[in-house]
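# Structural features, examined
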Amino acid sequence: MRFLNRKIPVTVLSGYLGAGKTTILNHVLQNEQNLRVAVIVNDMSEINIDASLVEKGSGISRTEEKFVELSNGCICCTLREDLLIEVQKLAERGNIDYIVIESTGISEPIPVAQTFSYIDEELGIDLTASCSLDTMVTVVDANRFWTDFQSGESLLDRKEAAGELDERDVADLLIDQIEFCDVLILNKCDLVTEEQLERLERVLRTLQPEAKFIRITHGEIDPHEILNTKRFNFDRVANSAGWLRELEIGHENHTPETEEYGISAFNYTRTMPFHPKRFKDWAENMPLEIVRSKGIIWSASHNDIAILFSQAGSAINISPISYWVAALPKEQQEKIIIQNPEVMDEWDPEFGDRNTQLVIIGMDLPKDEITKQLDKCLLTEEEFNSNWRTLENPFSWEMR
């Protein structure tokens, strides 16, 4: 099979450390003999052990695959420039049919995907002209997923961070990798029971309802499941996360398909602001049944600012994301409303677009109890009629 006079397809393998990406890559290279495949392996260590494994096991010299090793950094951050340069070099050679990139276990997939969707004017490299991102694969360790997700550890805690300033939590990284893919591989399925596997898959399908799911053991997969699939579409994948779909569906008359497995999701929407201290206290002590929650909240302490709330396991992020449209000068409001007329669909005469929209996903969710808990975090009538600036405020940030 040859791909003459066309863009070179690219598959990106993502997944947390130890999920089995290299084993899968080895298997693909050993079983896809009709393609000249260029392989880029990225690893954080001084000595690239993953690269050595691939080089020994893939028969590169025998099948003419080209191999590029990126070390001492992470594709999604410090080595993005190197990735651009190496892919460009491979494309210019003109003697390869396919490129497979194995990201490091702490790499986030979106920045890698973006590398193939824009022109880097500073480097003068346009990968959109020579390459086409074909498949974004995330590999999940079926045996260790819950251990890692519920660990409450950061990458720094595990000495796996990209640097001292890398404050990401393991659970956040796992969610990032799951929510941005079009093929999700459950590896090491032989190490869990069928019931455990079924429950895990149902949770992951709720978090990522659009991807193709594949169960494997020992990294053994049909190469055609991840090579030349033509599945990738940036906008579709970027909007494939389960919490986004739940927001679009809405909460009225919506019964999750996975409810029979104890896995469900619901929307919490209110047009009343949260008391900042009470909401933060709830977030730090939320029910353990909640696996993932995300959305925009209205906090009385920052009445002009829409706040992003994102939770994965015990990892929580509460940060400003933008100004409410209603907080902007009239001229700016009018421009935004012309471009996005849907803003007016639920516009309040007094508070405009200010509101809270949270999606909550979990196992055996006590929906009514969670709803009551969140309602108690809203301003009381007395607080609503008081000076909101006097409320106890645990958030120190401001918009710039």
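Residues numbered from 1 in each chain as written. Predicted model: local features only at pLDDT ≥ 70, side-chain atom pairs only at ≥ 80, totals over all residues. Heavy atoms only, no water.

## Quick word on the overall build of the protein
Each helix and strand in the protein was counted, giving 14 helices and 14 strands. The buried share of the protein, reckoned over its 400 residues, is 52%. Restricting the contact set of the protein to residue pairs at least 6 apart, pairs at least 24 apart contribute 76%. Accessible surface computed for the protein: about 19,400 Å², of which carbon and sulfur atoms make up 45%. (Helix = DSSP H or I, 4+ residues; strand = E, 2+ residues; numbered from the N terminus. Buried < 20%, exposed > 50% of the residue type's maximum accessible area, 1.4 Å probe, protein only. Contact = heavy atoms within 4.5 Å. Areas by Shrake-Rupley, 256 points an atom, 1.4 Å probe, with all protein chains shown as cover.)

## Topic: the packing of helix α11 (residues 276-284) against helix α13 (residues 367-377)
It is the contact of α11 with α13, at a shortest axis distance of 8 Å, that shows an interaxial angle of 150 degrees. Classified by the angle between their axes, α11 and α13 sit roughly antiparallel to one another. Between α11 and α13, the contacting residues are R278, F279 and W282 on the first element and I370, Q373, L374, K376 and C377 on the second. (Axes fitted to C-alpha atoms, helices over the stretch in contact; angles between N-to-C directions. Parallel < 35°, antiparallel > 145°, perpendicular 65-115°, else oblique.)

## Notes on helix α1 (residues 21-31)
With 8 of 11 residues buried, α1 lies mostly within the body of the structure. Within the span of α1, buried status applies to K21, T22, I24, L25, N26, H27, V28 and L29.

## A closer look at the layout of surface pockets
Of the pockets and cavities examined, the largest pocket occupies roughly 880 Å³. Lining the largest pocket are 27 residues, with I296, W324, D353, N355 and Q357 positioned closest to its centre. If you list the elements that add at least two residues to the lining of the largest pocket, you get α10 (242-249), β10 (263-270), β11 (290-297), β12 (305-312), β13 (315-323) and β14 (356-363). With 3 residues, the single largest contributor to the lining of the largest pocket is β13. Across the lining of the largest pocket, the residue classes tally to 11 nonpolar, 9 polar and 7 charged. Lining the second largest pocket are 24 residues, with D176, E179, R292, K294 and S310 sitting closest to its centre. Elements supplying a minimum of two residues to the lining of the second largest pocket: α5 (109-114), α7 (170-179), α9 (234-238), α10, β11, β12 and β13. Per-element accounting of the lining of the second largest pocket gives the leading share, 4 residues, to α7. Grouping the amino acids of the lining of the second largest pocket by side-chain chemistry returns 13 nonpolar, 2 polar and 9 charged. (1 Å grid on protein atoms, 1.4 Å probe; cavity = no way out; pocket = protein on both sides within 12 Å on 5 of 7 lines; lining within 4 Å. Points joined across faces, edges and corners; volume = space filled by probe spheres on them. Nonpolar A, V, L, I, M, F, W, Y, C, P; charged D, E, K, R; others polar.)

## Concerning empty space enclosed by the protein
Empty pockets left among the atoms are what a rolling probe the size of a water molecule brings to light. According to the stated counting rule, one finds 1 cavity of 30 Å³ or more in the structure shown. Of the voids in this model, the largest cavity is the one considered here, and its volume is about 100 Å³. As for the largest cavity, its lining consists of 14 residues, and the residues nearest its centre are Y16, V139, V140, D141 and L174. Elements with a minimum of two residues in the lining of the largest cavity: β7 (131-141), α6 (145-149) and α7. Tallied by class, residues from the lining of the largest cavity come to 8 nonpolar, 3 polar and 3 charged.

## Quick word on the confidence of the model for the protein
For the protein, per-residue confidence averages 84 on the pLDDT scale, and 84% of positions sit at 70 or higher. In this model, residues 251-258 is a region of pLDDT below 50 whose contacts with residues beyond four sequence positions or in other chains number 11 contacts. (pLDDT = per-residue confidence, 0-100.)

## A closer look at the pairing of strand β1 (residues 8-15)
The buried fraction of β1 is high, at 8 of 8 residues. Of the two faces of β1, both are covered, the one formed by I8, V10, V12 and S14 as well as the one formed by P9, T11, L13 and G15. Bridging between β1 and β7 involves 8 bridges; their strand directions are parallel. Its bridge partner lying in β7, V12 is registered against M136. Looking at chain direction, β1 and strand β4 (residues 98-102) are connected through 4 bridges and run parallel. From the neighbouring strand, V12 faces β4, where its bridge partner is I101. (Pairing = 2+ DSSP bridges.)

## Quick look at the pairing of β13
By the bridge criterion, 8 bridges tie β12 to β13 in an arrangement that is antiparallel. What sits directly across from I305, in β13, is Y323. Counted between consecutive antiparallel strands, the loop separating β12 from β13 contains 2 residues, among which G313 sits at a positive phi close to 60 degrees.

## Thoughts on the pattern of salt bridges
Should their charged atoms come close, side chains of opposite charge can pair. Counted by the stated rule, this structure contains 21 salt bridges. A salt bridge links R158 to E153, with the shortest nitrogen-to-oxygen separation between them at 2.6 Å. Between K277 and D281 there is a salt bridge; the shortest N-O distance is 2.8 Å. Residue K277 and its partner D281 are both found in helix α11; the two are separated by 4 residues, about one turn of the helix. We classify D281 as partly exposed; its relative accessible area is 31%. One continuous salt-bridge network, built from bridges that share partners, spans E194, E198, E201, R202, R205 and R215. (Salt bridge = Lys/Arg side-chain N within 4 Å of Asp/Glu carboxyl O.)

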